[in-house]
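Spelled out from the first residue to the last, the chains are:
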Amino acid sequence: MDRRSLIKRTGIAGVLAAGVAPAVHAQPAVRWRLASSFPKSLDTIFGSAEKMSQTVKALSGGKFEVSVHPAGELMPAFGVVDALEKDTIEMAQAAAYYFAGKDPIFSMSCAIPFGLTTLQMAAWKLHGNGGKLLNEFFAKYNFRTMSAGNTTTQMGGWYRKEIKSVADLKGLKMRLGGGIFGEAMAKLGVVAQSLPAGDIYQALEKGTLDAAEFVGPYDDEKLGFNKVAPYYYYPGWFEGSANLEFFINNKKYEALSAENKAILQAACAVAAQDMTAKYGAQNPPALKRLVGGGTKLTLFPKAVMDAAWKATQEVCAAHSAKSPEFKKIYDDMRNFQRDQILWNRFSEYPFNQYMNTLKI
């Protein structure tokens, strides 16, 4: 019997009852690998990659899977951009400013000193020019980005000695996230060090580092920095927020079906929201535990903040003078930020200022 005639007369149920399978154009299974720049112990950041992977698998019914690998398993933490450029992996998870040595523009996709807050960063990238401009830049390195979540405003780092003035920063050996932050700190006399998260504790313990910044209370407590550096400074002027990202190989992405592209985009969005919310939930109790354990929570002196702002302006002006591409993206970000600050004066700032005076 002709299959089309059978379907017409009996419908799909009749076809199945007759044991005649209809023609199905099944998509081939897709198997990707993601290399993270973070250790598995960081359930916030690395957990975002795991959440994305789980969501991709669930949404695709197991037809699209992304295996997730912590720093050092497939390659060193800072080797992921080279691997994407060479088509060695399909995805990575990292902080873009780790790669500012390639170009300082990388920093603007994650964080620069006195930069955008979490909400401002999302607005600039999704509904301003940020995402478009940065992905045009990243195309040189054969990848595009999607947010993996935001740490929100970070802390100012751990110090083995008290910082009372700008003079106390001179000669200080400090682990920094990198990029423009490192250049600004160098202007203040700090000797910048770039180390993966897993190596920081030992360097502080041995005294090869005098200070280190990573993220905030929850992650910093996990990494044990309070055991080897008593002073915990705030605010993290160098990271008003830090946008962690999924780096996606452009060739592999374009080869995906429209359905799998949508699945990947949705899964990244779910993971990003989950990571940001997790920091909001976990940082307050972690800070209480740290202070309860003897950590000396200290506000940066205004003179240090003012000197840091001046140094940041000088660094960005120098990069803008050398690179029209840097200037274009940087100016766009600062113009966007200017309007955001204006709005904030009438929205979150007065609300938070009042709420901070209440006893709840």
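Refer to the structure printed above.
One structure accompanies this document, and this report is about it.

Rules used in this analysis
Residues numbered from 1 in each chain as written. Predicted model: local features only at pLDDT ≥ 70, side-chain atom pairs only at ≥ 80, totals over all residues. Heavy atoms only, no water. Helix = DSSP H or I, 4+ residues; strand = E, 2+ residues; numbered from the N terminus. Contact = heavy atoms within 4.5 Å. Polar contact = N/O pair within 3.5 Å; in protein donor to acceptor, adjacent residues only side chain to side chain. 1 Å grid on protein atoms, 1.4 Å probe; cavity = no way out; pocket = protein on both sides within 12 Å on 5 of 7 lines; lining within 4 Å. Points joined across faces, edges and corners; volume = space filled by probe spheres on them. Nonpolar A, V, L, I, M, F, W, Y, C, P; charged D, E, K, R; others polar. Pairing = 2+ DSSP bridges. Salt bridge = Lys/Arg side-chain N within 4 Å of Asp/Glu carboxyl O. Buried < 20%, exposed > 50% of the residue type's maximum accessible area, 1.4 Å probe, protein only. Patch = residues over 30% accessible without salt bridge, like charges linked within 9 Å, V, L, I, M, F, W, Y side chains within 5 Å. Areas by Shrake-Rupley, 256 points an atom, 1.4 Å probe, with all protein chains shown as cover.

## Looking at the environment of asparagine 142
Link 1 in the chain: For asparagine 142, the position within the fold is in the loop between α6 (130-138) and β4 (143-150).
Link 2 in the chain: Taking the C-alpha atoms as reference points, asparagine 142 and lysine 86, separated by 56 residues in sequence, lie 8.2 Å from one another.
Link 3 in the chain: Setting aside residues up to four positions removed in sequence, asparagine 142 forms contacts with Leu84, Glu85, Asp87, Ile248, Asn249, Asn250 and Lys251.
Link 4 in the chain: Here aspartate 87 takes part through its side chain, which lies 2.7 Å from a polar atom of the side chain of asparagine 142.

## What to know about the layout of surface pockets
Link 1 in the chain: Put simply, the largest pocket is a space of about 980 Å³.
Link 2 in the chain: Lining the largest pocket are 24 residues, with Thr117, Gln120, Thr153, Asn344 and Tyr349 positioned closest to its centre.
Link 3 in the chain: Of all elements in the fold, only α5 (118-127), α13 (324-344) and α14 (348-355) reach the threshold of two or more residues within the lining of the largest pocket.
Link 4 in the chain: Examining the composition of the lining of the largest pocket, we find that five residues originate from one element, α13, more than from any other.
Link 5 in the chain: For the lining of the largest pocket, the class distribution of residues is eight nonpolar, 14 polar and two charged.
Link 6 in the chain: Taken as a whole, the second largest pocket spans an internal volume of roughly 450 Å³.
Link 7 in the chain: If you go around the second largest pocket, you meet 21 residues; those closest to its centre are Ala122, Leu126, Ser147, Asn243 and Ala272.
Link 8 in the chain: The element best represented in the lining of the second largest pocket is helix α11 (residues 258-292), accounting for six residues.

## Thoughts on empty space enclosed by the protein
Link 1 in the chain: On inspection of all chains with the given rule, the structure shows two cavities of 30 Å³ or more.
Link 2 in the chain: Estimated volume of the largest cavity: approximately 70 Å³.
Link 3 in the chain: Lining the largest cavity are 13 residues, and of these Tyr97, Tyr98, Gln154, Phe214 and Val215 sit closest to its centre.
Link 4 in the chain: Residue composition of the lining of the largest cavity, grouped by class: nine nonpolar, two polar and two charged.
Link 5 in the chain: Quantified by volume, the second largest cavity comes out at close to 50 Å³.
Link 6 in the chain: Every residue lining the second largest cavity is listed: Met108, Cys110, Ala111, Ile112, Gly115, Leu116, Met121, Ser241 and Met333.

## Here we look at unusual backbone geometry
What is expected of a backbone is that most residues other than glycine have negative phi and most peptide bonds are trans.
Link 1 in the chain: Backbone torsion omega between tyrosine 234 and proline 235 reads -5°, so that peptide bond is classified as cis.
Link 2 in the chain: Structurally, proline 235 is set in the loop between β9 (231-234) and β10 (243-249).
Link 3 in the chain: Backbone geometry at aspartate 87 places phi at a positive 65°, although glycine is not the residue there.
Link 4 in the chain: Mapped onto the elements, aspartate 87 comes out in the loop between α3 (80-85) and β3 (91-94).

## Overview of the sheet that holds strand β7 (residues 191-193)
Link 1 in the chain: The mixed open sheet is built from six strands, whose spatial order is β7-β6-β8-β5-β9-β11. The strands lining the two open edges of the sheet, one partner per strand, are β7 and β11 (296-299).
Link 2 in the chain: As judged from the three bridges shared by strand β6 (residues 173-175) and β7, these two strands associate in the parallel manner. Within the sheet, the bridge partner assigned to arginine 175 lies in β7 and is glutamine 193.

## Here we look at the pattern of salt bridges
Link 1 in the chain: One pass over the structure, following the stated rule, counts 17 salt bridges.
Link 2 in the chain: Measuring nitrogen to oxygen at the nearest pair gives 3.2 Å for the salt bridge that ties glutamate 213 to arginine 175. Residue glutamate 213 is found in the loop between β8 (211-212) and α9 (217-223), and its partner arginine 175 is found in strand β6; the two are separated by 38 residues along the sequence.
Link 3 in the chain: Looking at glutamate 213, the relative accessible area reads 0%, which means it is buried.
Link 4 in the chain: Residues arginine 289 and glutamate 221 are paired through a salt bridge, measuring 2.8 Å at the closest nitrogen-oxygen approach. Highlighted residues: arginine 289 in helix α11 and glutamate 221 in helix α9, separated in sequence by 68 residues.
Link 5 in the chain: A residue is classified by how much of its surface remains accessible, and arginine 289, at 43% relative accessible area, is partly exposed.
Link 6 in the chain: Taking relative accessible area as the criterion, glutamate 221 reaches 25% and is therefore assigned partly exposed.
Link 7 in the chain: Among the ionic contacts, a cluster of salt bridges with common partners joins Arg31, Lys57 and Glu65.

## Topic: a nonpolar patch on the surface
Link 1 in the chain: Taken together, the side chains of Tyr234, Val291, Leu297 and Leu299 present a nonpolar region at the surface, about 330 Å² in accessible area.
Link 2 in the chain: Among the structural elements, leucine 297 can be located in strand β11.

## Topic: the pairing of β9
Link 1 in the chain: When strand β5 (residues 157-159) meets β9, the two strands line up antiparallel, connected through three bridges. Bridged to tryptophan 158 within β9 is tyrosine 232.
Link 2 in the chain: In this structure, β9 lies alongside β11, joined through four bridges in parallel fashion. What sits directly across from tyrosine 233, in β11, is threonine 298.

In short, shape yes, function no, at least from these values alone.
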